[in-house]
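# Tertiary structure, described
The lines below spell out each chain.
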Amino acid sequence: MSGERAHHRQRRNSSSASMDSAPAPDSRASSPSNKLRLSQKKRRNRSKNRTASESNTEMKGWLLKWTNYVKGYQRRWFVLSNGVLSYYLDQSEVHLASRGSITLKAAIIEHVDPCTFAISDSSKQLSFRIKAETEAERQTWITSIELAKGVKMPAVDKVSPAPTEVKMIRNRRTRVPDKPNYPLSLWTLMKNCIGKDLSKIPMPINFNEPISMLQRLVEDYEYSDVLDIAASCSDMCEQLAYLAAFTVSAYATAESRINKPFNPLLGETYECDRTDDLGWRCHTEQVSHHPPITALHCESKEWVSWQEFSLQSKFRGKYLQVNPVGGAYVSFPATGRRYFYRRVTTTVNNIIVGKLWVDLEGQLEIVGSNAAKGYKCILNYIPYSYFGREEQRSVKGVVLNPKNEVKWLLRGTWNDKIEIAPVLHTNGSAKNPSYTAGEYRVAWQRRPAAPDSDKYYNLPVFACQLNEPEEGVAPTDSRHRPDQRCMEEGAWDESNREKLRLEEKQRAVRKQQELKEKQAIAEGRPIPAYEPMWFKRERVEGSTEFMHMSKNTYWQAKATQDWSGCPNIF
């Protein structure tokens, strides 16, 4: 209410000043005509003072703004000044051009719910849907906006507008076809799998979802806006706190996604170009079959990320345990900061009897290097315990500086949201410290699922868009995979036949490779190793670790549509 109180104070002061400066009444002032002139003069003075008060109306702060159905509400920095409501990604952008603005003179305000309102221009071509944390905060903004609607805009020289490039944003789908009902005896299938690695066992598509593991890995970047915020942080510990929240977001739908993705074929690829709306692009490739290894490279203007992912899964009778192998890097080129982390263990419970449910457990450590050397974050995924006091799916963590001092705290659940707060004071002993934290703020929050998503594999909107057909992608792209496409379209019998055909084709290629290896050994020649198309195994700069790194040739090949080196895998 600060803007409103300032407005009233200025009105009172202005009124007092005008009254003090008014001449003392005399006989002439008592005449009707003089009284009328005096009254008109006072009204003019009040009008001038009111205009001066309104022109000083200014307010700024964090609000949630609706962006689109993929990203939902996002935290933005709003500024109300000179009769214009503008928003920015954060405070550091205020000196730059705003991300969007509405002139309030003829603006229309609509009340949505106790914490939400919508504001649009007179033509309703431009509209902001805004949510405040509390009803009081919403009312404060609405009151200030109403006061600012009467502001007279400063005059500007009329100039010809500079030509602007119009970027078209693709209209993407928001769901996939419903899952058909194909009954299958789970026990008949699973009793022969106990103690075996499921990645080596042929499984019917009944247990799959219509996306591949390559696409599932790209889902890690659904909440890339958290990485964008991390990139804008000047404080390294705060940046690491946001990065930690981003790593948790990768598990947002794990509790409801009980179907497994398709195992990629050797040489299978997938690209995801979302530079038009999300600001990043990514490409992946299955670079090894046994063991199965996926390489990924994702880039935006503010950050770069690359991963090498593999997993070891074991069926233990009552539960299935998935242990990830490999790791991920996130780099912020503008500052030279780089971070590395590994995933935690996933357990699927009640495989045979009861309702399936997923749990995560383990410690995830994010370690800084290069300009971020010495900084780290420790996240603890607390497993569910019947006798435990912790909330189910809890995640707790701390960010430490090179002196091993805790600077930020993290708390939340991996299926809902993560909150972060700076540490103000540390008390207690080194073995049993206690922390006084500042105000917690939401660093990441899961977008709600569609009400009927259980009909189509519980896929979020972002995942539904991953397998949408697209022209110009590589012939090895997962979108071209016939068994996966048939499953999505509901032709499960055809999908199972295609899956079997592709697996037999891959086994035949593997046998030919084994024959070449035996022949090379017999002739004393080096064994010819499989060479991925878009990635190359090399040592990570500043580390002793080897990973498959992008050759940075994929997007050039797409631009020229030169796919001549791609294998025929489908």
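In this text, all values refer to a predicted model and were calculated from it rather than measured experimentally.

### Overview of the overall build of the protein
Scanning the protein from terminus to terminus reveals 11 helices and 25 strands. Buried positions account for 45% of the 570 residues belonging to the protein. Expressed as a percentage of contacts within the protein between residues at least 6 apart in sequence, the contacts between residues at least 24 apart total 55%. Accessible surface, the protein: about 30,500 Å² in total, of which carbon and sulfur atoms supply 51%.

### Considerations on helix α6 (residues 224-232)
In terms of burial, α6 is largely enclosed, as 8 of its 9 residues are buried. Taken together, the buried positions of α6 are occupied by Ser224, Asp225, Val226, Leu227, Asp228, Ile229, Ala230 and Ala231. Where the residues of α6 are buried, they touch β2 (72-81), α7 (236-249), β11 (280-288), β14 (319-332) and β23 (441-445).

### Notes on helix α10 (residues 492-522)
Taking 1.5 Å of rise per residue, the 31 residues of α10 would be expected to cover 45 Å, and the 45 Å separating its terminal C-alpha atoms lies within 8% of that figure. Those residues of α10 not exposed but buried are Trp492, Ser495, Glu498, Lys499, Leu502, Glu503, Gln506 and Ala520. Those residues of α10 hidden inside the fold are in contact with β9 (260-262) and α9 (482-488). Phi turns positive, to about 75 degrees, at Gly524, one or two residues after α10.

### Some thoughts on the side chain of Ser120
Within the fold, Ser120 resides in strand β6 (residues 116-120). Residue classification places Ser120 among the buried positions, given a relative accessible area of 4%. In this structure Ser120 touches Ile102, Ala107, Ile108, Leu126 and Ser127, once residues within four positions along its chain are discounted.

### Remarks on the pattern of salt bridges
All chains considered together, the criterion is met by 32 salt bridges. One salt bridge connects Glu93 with Arg99, and the closest N-O pair in it is separated by 2.5 Å. For Glu93, a relative accessible area of 12% translates into the label buried. A salt bridge links Arg479 to Asp477; the shortest N-O distance between them is 3.0 Å. No difference in accessibility class separates Arg479 from Asp477, as the two residues are buried.

### Here we look at the pairing of strand β18 (residues 376-381)
Two strands pair when backbone bridges link them, and strand β17 (residues 357-370) and β18 are joined in this way by 6 bridges, in the antiparallel orientation. Note that in β18 the partner of Glu365 across the bridge is Ile378. Between β17 and the antiparallel strand that follows it, β18, lie 5 residues; Gly374 among them carries a positive phi value of about 100 degrees. Sheet topology note: the β18/strand β19 (residues 394-400) ladder contains 6 bridges and is antiparallel. Bridge pairing links Lys376 to Leu400 in β19.

### So, the confidence of the model for the protein
Put simply, the protein has an average pLDDT of 83, and 82% of its residues get 70 or more. Every residue in residues 1-56 scores below 50 in pLDDT, and together they form 22 contacts with partners more than four places removed in sequence or on other chains.

### Notes on the nonpolar core
Trp280, Ile366, Leu379 and Tyr381 are the most contacted members of the largest nonpolar core, which totals 60 residues. Here this core gets 10 residues from one element, more than from any other, and that element is α7. Counting 19 residues, the second-largest nonpolar core is a separate cluster that includes Leu63, Tyr87, Ile130 and Ile145.

### Looking at the packing of α6 against α7
Angle between the axes and distance between the axes are the two parameters that describe a pair of packed helices. Two elements in contact, α6 and α7, have axes separated by 8 Å at closest approach and are oriented at 170 degrees. Classified by the interaxial angle, the pair formed by α6 and α7 is roughly antiparallel. Taking contact as the criterion, the partners of Ser224, Val226, Leu227, Ile229, Ala230 and Ala231 in α6 are, on α7, Gln239, Tyr242, Leu243, Ala245 and Phe246. When grouped by side-chain class, the residues that make up the contact of α6 with α7 number 9 nonpolar, 2 polar and no charged.

### A short note on the environment of Lys551
Summarising the element assignment, Lys551 is placed in the loop between β25 (546-550) and α11 (554-560). Accessibility expressed as a relative area gives 35% for Lys551, which makes it partly exposed. In this structure the C-alpha to C-alpha distance between Lys551 and Pro532, which are 19 residues apart in sequence, comes to 10.0 Å. Once you skip the residues sitting within four places of it in the chain, Lys551 turns out to touch Pro532, Met533, Trp534, Phe535 and Lys536. Only 3.2 Å separates the side chain of Lys551 from the backbone oxygen of Pro532, close enough to count as a polar contact.

### So, the packing of aromatic side chains
Within this structure, the stated rule accounts for 19 aromatic pairs. With a centroid separation of 5.1 Å and an interplanar angle of 80 degrees, the aromatic rings of Trp534 and Tyr554 are classed as edge-to-face. Taken as a pair, Trp534 in the loop between α10 and β24 (535-539) and Tyr554 in helix α11 lie far apart in primary sequence, 20 residues in all. Of the two residues examined, Trp534 and Tyr554, each falls in the buried class. Among the aromatic residues, those joined into a ring-pair cluster are Tyr221, Phe246, Trp280, Trp303 and Phe462. Its guanidinium or amino end placed over the ring of Tyr73, Lys131 lies 4.5 Å from that ring's centre, counting from NZ or CZ. In this structure, Arg411 packs its charged tip against the face of Tyr440, placed 3.6 Å from the ring centre.

Conventions we followed
- Residues numbered from 1 in each chain as written.
- Predicted model: local features only at pLDDT ≥ 70, side-chain atom pairs only at ≥ 80, totals over all residues.
- Heavy atoms only, no water.
- Helix = DSSP H or I, 4+ residues; strand = E, 2+ residues; numbered from the N terminus.
- Buried < 20%, exposed > 50% of the residue type's maximum accessible area, 1.4 Å probe, protein only.
- Contact = heavy atoms within 4.5 Å.
- Areas by Shrake-Rupley, 256 points an atom, 1.4 Å probe, with all protein chains shown as cover.
- Expected span 1.5 Å × (residues − 1).
- Salt bridge = Lys/Arg side-chain N within 4 Å of Asp/Glu carboxyl O.
- Pairing = 2+ DSSP bridges.
- pLDDT = per-residue confidence, 0-100.
- Core = buried A, V, L, I, M, F, W, Y, C linked by side-chain atoms within 4.5 Å.
- Axes fitted to C-alpha atoms, helices over the stretch in contact; angles between N-to-C directions.
- Parallel < 35°, antiparallel > 145°, perpendicular 65-115°, else oblique.
- Nonpolar A, V, L, I, M, F, W, Y, C, P; charged D, E, K, R; others polar.
- Polar contact = N/O pair within 3.5 Å; in protein donor to acceptor, adjacent residues only side chain to side chain.
- Phe/Tyr/Trp six-rings, centres within 6.5 Å; stacked < 30°, edge-to-face > 60°.
- Lys NZ or Arg CZ within 6 Å of the ring centre and 35° of its normal.

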